[in-house]
Amino acid sequence: MTVRREKAERLADEELMPLVGRKDPEAFAVLYDRHGGVAYSLAYRIVGDRAAAEEVTQEAFISVWRSGARFDAARGSVRSWLLSVVRNRAIDFLRSKAGKAPKLDFDDDSALEQRPAAERTEEEALRRETASEVRGALGKLPGEQSKVIELAYFGGFSHSEIAEILGLPMGTVKGRMRLGLEKIRGELAEGLA
Amino acid sequence: MNASGHARWSEDVAAYMLGALEPGEAAEFERHLGGCERCRAEGRWLEPALQTLPESVERLEPPPRLRESLMAEVRADARPAKEPRRGWSWGWKPALAFALVILAVAGVAGYEIGKGGEEGGGGASTIVSRQADGITLKMVREGNGGTLQLVNVHQLPPKKVLEAWVRREGKVEPVPALFVPDRDGRAETTIADMSGVDTVMVTEEPQGGSKQPTGEPIATMSVPG
């Protein structure tokens, strides 16, 4: 049975997932409305093209629709799981495009052409605040650490590829990844204190 | 895990979480992770930092047509809840049960064949089978062997592995290399000899593998001769 939209909107993500697993379109629509914006934004950040970001986002959500029953709440939130699906699809997309280099906008000029999403809910506002803090945390990293993290996470490069790109020993690249993530984690912990 | 044993891996935790290890390194690290509480604890500590990375991107408004297109596909696919699947009696005469599952599942799992000769060289071919529960099974055949790749595999319970099986001339044989899905649900193993194989199947088995399938297959593929 399909739940009514109003009922679905009152459910937490973790409560929506079993309904999505049972092929409930209304539950899925609520999930998309909550996370479609950030999913599309992440896809765009990785593939650097609006049409491709649209394709990647659609594929990722269809994958979630078809495999929703596989979500395991013990392993994290629905949002982080969904975004990991989007990220993987986007990286696959990049790799499938022979000769197409991932978007590596360290200066992030693209932000100038981006329109902000409408602020729909208090939750979204909180997320934006968190995202702003995270951008701050990334921004506080030494460039050498943020660069290797961005190349890996948003570029889909392996540590050995990054070492080659930057002309560094592989151990140095791994070390900078660890130091960078530890520093972000430390910033988050301080924020919670 | 002693301190010196851990030290070798400590730099790999962040690289693994960022998806930056090479596939072979990632599989090796996952094996280590199973027995190293220090690495698991470090991963748990760093996880919130990783989760904030996608949240750090500048927000864009997705085009309305994306939602429309998505919902059109979803509504077309929506159907009443499926009946619970009946249990399989693998404990009793597993080889016979295997044959029955093959007949049942191979009949509904469509496959596509794509020739990848130009890219793979030496006449490589690829078979893709999309399973009913979201798993995609892909067999890249090259020469006499093949690589079996699975996408969208659920995370395994502790002390469980994936084991592949082939049916050759009516006889079910285990594939020696056991494997596990990575954190993104991808898993891969190699089948050295594909000659005479008409069906490939993957099951979840206890650590160390089994001589015969002990559970319901999570994926099955018919292999054209």
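Definitions and limits used
Residues numbered from 1 in each chain as written. Chains lettered and ligands numbered in written order. Predicted model: local features only at pLDDT ≥ 70, side-chain atom pairs only at ≥ 80, totals over all residues. Helix = DSSP H or I, 4+ residues; strand = E, 2+ residues; numbered from the N terminus. Buried ≥ 20, exposed ≤ 12 C-beta atoms within 10 Å, placed from the backbone. Contact = placed C-beta atoms within 7 Å. Nonpolar A, V, L, I, M, F, W, Y, C, P; charged D, E, K, R; others polar. Core = buried A, V, L, I, M, F, W, Y, C linked by C-beta atoms within 7 Å. Axes fitted to C-alpha atoms, helices over the stretch in contact; angles between N-to-C directions. Parallel < 35°, antiparallel > 145°, perpendicular 65-115°, else oblique. Left-handed = near helix turned anticlockwise from the far one by under 90°. Pairing = 2+ DSSP bridges. pLDDT = per-residue confidence, 0-100. Expected span 1.5 Å × (residues − 1). Bend = angle between axes of the 7 residues up to and from the residue.

For the rest of this paragraph, the subject is the overall build of chain A. Looking only at helices and strands, one finds nine helices and zero strands in chain A. Listing each helix as α and each strand as β along chain A from the N terminus yields α-α-α-α-α-α-α-α-α. A buried classification covers 45% of the 193 residues belonging to chain A.

A few words now on the overall build of chain B. Scanning chain B for helices and strands turns up seven helices and nine strands. Across the 225 residues that make up chain B, the buried fraction comes to 32%.

Glancing now at the interface of chain A and chain B. Frequently, the measure chosen for interface size is the accessible area that the parts lose on association. Tallying the contact residues gives 60 residues for chain A and 44 residues for chain B. Elements with a minimum of two residues in the side of chain A that touches chain B: helix 3 (25-47), helix 4 (50-67), helix 5 (78-96), helix 6 (122-140), helix 7 (143-153), helix 8 (159-166) and helix 9 (170-192) of chain A. Sorting elements by how many residues they give to the side of chain A that touches chain B places helix 3 of chain A first, with 12 residues. Of the residues assigned to the side of chain A that touches chain B, the class counts are 27 nonpolar, 17 polar and 16 charged.

Phi is positive for K23 of chain A, which is not a glycine, with a value near 65°. Relative to the elements of secondary structure, K23 of chain A occurs in the loop between helix 2 (13-21) and helix 3. Positive phi, normally seen in glycine, also occurs at N152 of chain B, with a value near 75°. With respect to the helices, strands and loops of the structure, N152 of chain B is situated in the loop between strand 4 (145-151) and strand 5 (160-168). Exposure remark for N152 of chain B: the 23 C-beta atoms within 10 Å place this residue in the buried category.

One broad trend across soluble globular proteins is that nonpolar side chains are buried collectively. Core analysis: the largest hydrophobic core is formed by 67 residues, its most contacted members being A43, V86, A152 and M177 of chain A. When residues in this core are grouped by element, the largest group, 14 residues, is from helix 3 of chain A. In this structure, M139, A164, F179 and I191 of chain B belong to the second largest nonpolar core, which totals 22 residues.

This paragraph deals with the packing of helix 2 of chain A against helix 3 of chain A. All names here are of chain A. Across the interface, helix 2 lies against helix 3 with an axial gap of 8 Å and an inter-helix angle of 135°. When the axes of helix 2 and helix 3 are compared, the pair comes out oblique. For the pair helix 2 and helix 3, the sense of crossing is left-handed. Here D13, L16, L19 and V20 of helix 2 come into contact with helix 3, specifically with A27, F28, V30, L31 and R34. Its residues assigned to classes, the contact of helix 2 with helix 3 comprises seven nonpolar, no polar and two charged.

With that settled, consider the sheet that holds strand 9 (residues 219-222) of chain B. Residue and element names in this part refer to chain B. Here four strands make up an open sheet; going across it, the order is 6-5-8-9 and the pairing antiparallel. Edge strands, defined here as strands with exactly one partner in the open sheet, are strand 6 (171-174) and strand 9. In this sheet, neighbouring strand axes are inclined to one another by 20° on average, regardless of whether the strands run parallel or antiparallel. In terms of strand pairing, strand 5 meets strand 6 through four bridges, oriented antiparallel. Bridging from a neighbouring strand, R167 pairs with V172 of strand 6.

With 75% of its residues at a pLDDT of at least 70, chain A reaches an overall mean of 80. Note that residues 100-125 of chain A has pLDDT below 50 and, in this model, 25 contacts with residues that lie over four places away or in other chains.

Mapping S41 of chain A onto the fold places it in helix 3. Sequence-distant contacts of S41 of chain A, that is, excluding residues within four places in its chain, are made with V57, E58, R59 and L60 of chain B.

Residues and elements named next belong to chain B. Taking 1.5 Å per residue, 19 residues should reach 27 Å; helix 4 (residues 37-55) reaches 28 Å between its end C-alpha atoms and fits that length. At L46, helix 4 shows its largest bend, some 40°, and a proline, P48, comes one to four positions later. Within the sequence span of helix 4, burial applies to C39, E42, L46, A49, L50, T52, L53, P54 and E55.

The next subject is the environment of F93 of chain A. Residue and element names in this part refer to chain A. Among the secondary structure elements, F93 is positioned in helix 5. Along the chain, F93 and A53 lie 40 residues apart, while their C-alpha atoms are 9.5 Å from each other. Other than its neighbours up to four places away in sequence, F93 contacts V47, A52 and V56.

Glancing now at the packing of helix 4 of chain A against helix 5 (residues 64-77) of chain B. Contact geometry for helix 4 of chain A and helix 5 of chain B: axes closest at 10 Å, N-to-C directions at 30°. Classified by the angle between their axes, helix 4 of chain A and helix 5 of chain B sit roughly parallel to one another. As for how helix 4 of chain A packs across helix 5 of chain B, the hand of that crossing is right-handed. Every residue of helix 5 of chain B that contacts helix 4 of chain A at E54, T57, Q58, F61, I62 and W65 of chain A is listed here: L66, S69, L70, E73 and V74 of chain B. In terms of residue class, the contact of helix 4 of chain A with helix 5 of chain B is made up of six nonpolar, three polar and two charged.

Residue and element names in this part refer to chain B. On average, residues of chain B score 75 in pLDDT, and 75% of them reach the 70 mark or higher. Of all helices and strands in chain B, the one with the weakest mean pLDDT is helix 7 (residues 117-120) (35), whereas helix 2 (residues 12-17) scores best (94). The model gives residues 81-122 a pLDDT under 50, and that stretch makes 53 contacts with residues more than four places away or in other chains. Of the two predicted TM-score estimates for the complex, the pTM is 0.59 and the ipTM is 0.78.

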